[in-house]
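The residues making up each chain are set out below.
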Amino acid sequence: MTRRVPGRSPARSSGHTVTGWLGHDQRAANVMAMAQYHLRLEQALAQLLPTGFGTDIRIARVDAQQLVLAVPGPAHAAKLRQMAPSLAQKLQAGGWQVGEIRVQVQAGLTAVLHPASRPPKSVTPLGPQALDAFQQLHDHLQPGELADAVARLLAHHGTGNKT
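What comes next concerns the included structure. Keep in mind the model is a prediction, meaning the values are calculated, not measured.

Rules of the game
Residues numbered from 1 in each chain as written. Predicted model: local features only at pLDDT ≥ 70, side-chain atom pairs only at ≥ 80, totals over all residues. Heavy atoms only, no water. Helix = DSSP H or I, 4+ residues; strand = E, 2+ residues; numbered from the N terminus. Expected span 1.5 Å × (residues − 1). Buried < 20%, exposed > 50% of the residue type's maximum accessible area, 1.4 Å probe, protein only. Salt bridge = Lys/Arg side-chain N within 4 Å of Asp/Glu carboxyl O. Pairing = 2+ DSSP bridges. Axes fitted to C-alpha atoms, helices over the stretch in contact; angles between N-to-C directions. Contact = heavy atoms within 4.5 Å. Parallel < 35°, antiparallel > 145°, perpendicular 65-115°, else oblique. Left-handed = near helix turned anticlockwise from the far one by under 90°. Nonpolar A, V, L, I, M, F, W, Y, C, P; charged D, E, K, R; others polar.

### Focus: helix α2 (residues 26–48)
Here is step 1: End to end, α2 covers 33 Å across 23 residues, agreeing with the expected 33 Å (1.5 Å per residue, within 8%).
Here is step 2: Those residues of α2 that sit buried are A28, H38, L41, E42, A44 and L45.

Encoded structure:
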């Protein structure tokens with residue numbers, strides 16, 4: 001027995017995936033088609049660009065036959081502007097309707113494309129021999145910034161200052 005949700009037509013609930021649901025609304029279907037177009041065009045661009053360079057570029061917009069690409073910084077922009085005419089020709093040869101390529105710097109793009117992930121911290125604790133050496137060093141230092149730094153190191157490692 002099929003349970004009907006009040007307020008929903010059976011035709012609307014037939015798409016069990018987001019893409020299926022988007023297909024029932026013309027406006028959403030147009031948005032989906034444009035997103036798929038942008039993704040395919042970005043993939044085509046990535047294949048034409050030097051390795052690693054294509055992963056830092058996103059399509060900002062497509063107007064008529066003008067393609068506007070977003071890059072994370074001025075170095076990317078300068079390199080891409082040099083490549084733009086030949087890149088447009090290669091895209092046209094591949095069947096893409098691109099007459100001109102413009103480049104736009106978007107400073108926050110790097111954070112979006114490559115979220116910072118800290119590598120795991122690899123710490124090797126100081127052994128007793130190293131701590132004794134630092135203690136002896138501290139005992140022979142004149143009071144000052146270096147002596148204070150060595151004292152903080154010893155305190156951090158739980159030996160305290162044995163003076």
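### Observations regarding the environment of L154
Here is step 1: Turning to its location among the elements, L154 is positioned in helix α6 (residues 145–156).
Here is step 2: Counting along the chain gives 28 residues from L154 to L126, while the straight-line C-alpha distance between them is 10.0 Å.

### Description of the side chain of Q66
Here is step 1: The residue Q66 is located in strand β2 (residues 66–71) in this model.
Here is step 2: A relative accessible area of 18% means that Q66 is categorised as buried.

### Topic: unusual backbone geometry
Here is step 1: Even without a glycine there, the phi angle at A64 is positive, about 50 degrees.
Here is step 2: The topology assignment puts A64 in the loop between β1 (58–63) and β2.

### Quick look at the pattern of salt bridges
Here is step 1: Under the counting rule described, the total for this entry stands at 1 salt bridge.
Here is step 2: Of the charged contacts, one joins D63 and R61 as a salt bridge, the two residues approaching to 3.0 Å between their closest N and O atoms.
Here is step 3: For D63, a relative accessible area of 36% gives the class partly exposed.

### As for the sheet that holds β1
Here is step 1: Spatially, the 3 strands line up as an open sheet ordered β1-β2-β3, and their pairing is mixed. Strands with a single pairing partner mark the edges of an open sheet, and in this sheet they are β1 and β3 (100–105). When the angles between neighbouring strand axes are averaged without regard to direction, this sheet yields 25 degrees.
Here is step 2: Contacts from α2 reach β1 and β2, with the element oriented near 120 degrees to β1.
Here is step 3: Strand contacts of helix α3 (residues 74–93): β2 and β3, with the helix running at about 165 degrees to β3, the strand carrying the most contacts.

### Focus on the packing of α2 against α3
Here is step 1: The contact between α2 and α3 brings their axes to 11 Å, and the two run at 120 degrees. Classified by the angle their axes make, α2 and α3 are oblique. Here α2 and α3 pass one another in a crossing that is right-handed. The residues of α3 that touch α2, namely those facing L41, A44, L45 and L48, are L87, K90 and L91.
Here is step 2: Along the lines of polarity and charge, the residues of the contact of α2 with α3 split into 6 nonpolar, no polar and 1 charged.

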